[in-house]
Every structure is written in C-alpha cells, then in structure tokens.
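Geometric and topological summary
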Amino acid sequence: MSRLAAVVFDVDGTLVDSERDGHRVAFNAAFEEAGLPDHWDIATYGRLLRITGGARRLASWFEQTGRSPDDARQLAERLHARKTAIMRDLIEDGKVQARPGVHRLLDELEAGGVPMHVATTGTRAWVEPLLDRVFGPRFQIVVTGTEVPDLKPSPAAYDEVLRLAGCPIDRTVAVEDSRNGVRAAVAAGLRVVAARNEYTRDDDLSGAALVVDGFEDPELVTWFQQ
Ligand SMILES: [Mg+2]
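Computed from a predicted structure; not experimentally measured. In every chain, residue numbers begin from 1 and rise along the written sequence. Only residues with pLDDT of 70 or above have their local features reported here, since the model is predicted, and side-chain atom pairs are shown and tallied only from 80 upward, although totals for entire chains, interfaces and linings are computed over all residues. Water and hydrogen atoms were dropped before computing side-chain values, which therefore reflect all heavy atoms in the structure.

Structural notes on the pattern of salt bridges
By definition here, a salt bridge exists when the distance from a side-chain nitrogen of Lys or Arg to a carboxyl oxygen of Asp or Glu is within 4 Å. Here the structure, examined in full by the defined rule, presents 13 salt bridges. In this structure, Asp21 and Arg20 form a salt bridge, with 3.2 Å as the shortest nitrogen-oxygen distance. Residue exposure (1.4 Å probe, protein chains only): buried if accessible area is under 20% of the type maximum, exposed if over 50%, otherwise partly exposed. Since its relative accessible area comes to 37%, Asp21 is described here as partly exposed. Overall, the relative accessible area of 29% leaves Arg20 in the partly exposed class. Between Asp213 and Arg201 there is a salt bridge, and its shortest N-O distance comes to 3.3 Å. With a gap of twelve residues between them, Asp213 in the loop between β6 (210-212) and α9 (218-225) and Arg201 in the loop between β5 (191-195) and β6 connect regions that are remote in the sequence. Connected via shared salt-bridge partners are Asp10, Lys152 and Glu176. Where helices and strands are cited, they refer to DSSP runs of H or I of at least four residues and of E of at least two residues respectively, numbered from the N terminus.

Below, the structure written as structure tokens:
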C-alpha cells in the first residue's frame, strides 16, 4: 500500500449511497414545495442519473416534459438551490451514510499513510457537511462541481485534484461507482477501481482496473494491499 501516492474518491454512489435515499428524496421534496406535480420514482431516477449534475438533470427533465429550454433552465436553477438546502438537512439528520465497508478501507489507507482526496461533481454546499459528518477530517483535497463546473465524464475535477495534490498520476488510484465517473478518471490518466451499486450495476465500467460489487468484496481489499 505504501507504493500508492494517493487515492481519490468520488462521493455520490461511491463513498455514500446518496442517490436513492438522498438526492432523489430531496428533489421530490423540492418539487412538492414548489407545488409541481413532478415526482421521480426509483426507476425514473435511475434513468436520469445518466445526466451528471443536479441542475442539468432537472433542466433535462423539464425539457423532456414539455417546457421550453429557457423555462426549463430557469426553473431548474431555482429548484436546484432549494434541493441543495433540503439535501443538507437530510445529511444533518444522518439520512446519508457511508457504504458498507468504506470506513474500513479508509482506515487501512490512513494506517498505510496514503493521502486521500475527493473529486466530485456534487455541490460544495452539501458535499462539505456530508464529508464532515460521515467521515471527519480524512480528506486532504476536496474538489467539487462548485469550483469545477465541467462535470464528469470530463476529467476536469480529477485534473484539479492532481494539480493541487501534486501526486504522480501513475501511483494514484481513483475509486468510482459509475460509467461517467470511470470515464472521467481514465481520461485523467488514473487507474480506477469501480464499486458498483444498485443504480450502476449495468453500467459499462470496462475502463476500470477492477470492478467489484461493493467495498466488502475481498478482491478489493487484496487489490489495495498489492
Ligand atoms: Mg458517483
């Protein structure tokens, strides 16, 4: 493990199972508060996850359901701000938790002296309280979609982490859960471990060096040890 220069983690779906019980719930609450009839069930939200970034996801949905591009974008921006506030409340209420096995991997990396960073397309306003609450001060560099609006599969968030951390690309590993995330990390030149979840089980993760079903998979533990 000492040969690793750093490990860079995605947040949504990777460190935490935030999509189904976090973001989806927050989006639906924002629709309801605004008096809109829209509602995203689990399957619908799964399809919408192909669009990265909450505001873009909303805008795309509003266009698909008949609004003009301008109306869709404006409504999406307004609702996204409210959704972010609701997401923060859910985090403070402890509704978003680490995926099983994540804490153990972080403990092992920490014990091995491996620096850990975050590259996410999420918004800093909820990412920061989430990392604080669920993980404490584990991560050195945290790059979010607020500073780097060029969302995954663009490598921009990873590029920024690598620039700030100054760690060698060939000894840095990314941990992701989805197709867009794996593509972003691969485009940044990183080796990727993909831990699939319920929503990304059918994603094409072929760019990853290792694909597992979760952080409790013994293959993942062995991979990091080697
Ligand atoms: Mg993800």
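Structural notes on the side chain of Glu176
Within the element layout of this structure, Glu176 appears in strand β4 (residues 172-176). Looking at Glu176, the relative accessible area reads 1%, which means it is buried. Separated by 2.6 Å, the side chains of Glu176 and Tyr158 make a polar contact. Those residues in contact with Glu176 that lie beyond four places of it in its chain are Asp10, Thr14, Lys152, Tyr158, Gly181, Val182, Val192, Val193, Ala194 and Ala195. Distance and chemistry together define a polar contact, namely a pair of N or O atoms within 3.5 Å, with one atom able to donate a hydrogen and the other to accept it when in protein, and with adjacent residues in sequence counting only for side-chain atoms on both sides. Two residues form a contact once any of their heavy atoms are found within 4.5 Å.

Side note on the packing of helix α5 (residues 102-111) against α9
When two helices pack together, their arrangement is given by the angle between the helix axes and the distance between those axes. Every angle, taken between N-to-C directions, lies between 0 and 180 degrees, and every axis is a line fitted to C-alpha atoms, over only the stretch in contact when it is a helix. Interhelical geometry of α5 versus α9 gives an angle of 10° and a closest axis separation of 12 Å. With respect to α9, the axis of α5 lies roughly parallel. Judged by the sense of rotation from one axis to the other, the crossing of α5 with α9 is right-handed. Contacts between α5 and α9 involve Arg104, Leu105, Glu108 and Leu109 on the former and, on the latter, Leu220, Val221, Phe224 and Gln225. Among the residues making up the contact of α5 with α9, the classes are represented as five nonpolar, one polar and two charged. Angle categories are assigned with fixed cut-offs, so that under 35 degrees is roughly parallel, over 145 is roughly antiparallel, 65 to 115 is roughly perpendicular, and the rest are oblique. Handedness of each helix crossing follows the sense of rotation of the near helix against the far helix: counterclockwise by less than a right angle gives left-handed, clockwise gives right-handed. Basically, the charged four are Asp, Glu, Lys and Arg, the nonpolar ten are Ala, Val, Leu, Ile, Met, Phe, Trp, Tyr, Cys and Pro, and anything else, Gly included, counts as polar.

Structural notes on the coordination of the magnesium ion
Within the protein, the atoms that donate to the magnesium ion are Asp10 (OD), Asp12 (O) and Asp177 (OD), at distances of 2.1 to 2.2 Å. The donor set covers N, O and S atoms within 2.8 Å of the metal, switching to 3.2 Å for Na, K and Ca, and it leaves out water, so a site may look short of donors. In the primary sequence, the donor residues of the magnesium ion line up as D-x1-D-x164-D. On the criterion of sequence distance, the pair formed by Asp12 in the loop between β1 (6-9) and α1 (18-33) and Asp177 in the loop between β4 and α8 (179-187) is long-range, its members being 165 residues apart. Overall, Asp12 belongs to the buried group, its relative accessible area being 12%.

Focus: the domain arrangement of the chain
In this document the domain limits rely on a domain assignment from an automatic tool or a database. In terms of domains, the chain is made up of domain 1 (6-17 + 97-225) and domain 2 (19-92). For domain 1 and domain 2, the distance between their C-alpha centres works out to 24 Å. Contacts between domain 1 and domain 2 engage 13 residues on the former and 19 residues on the latter. Taken together, domain 1 and domain 2 are joined by one salt bridge. For Glu198, the salt bridge is made with Arg20, and the minimal N-O distance between the two is 3.4 Å. Applying the counting rule to domain 1 against domain 2 returns eight residue pairs in polar contact (both at pLDDT 80 or more). Tallying contributions element by element places helix α6 (residues 124-135) first for the side of domain 1 that touches domain 2, with five residues.

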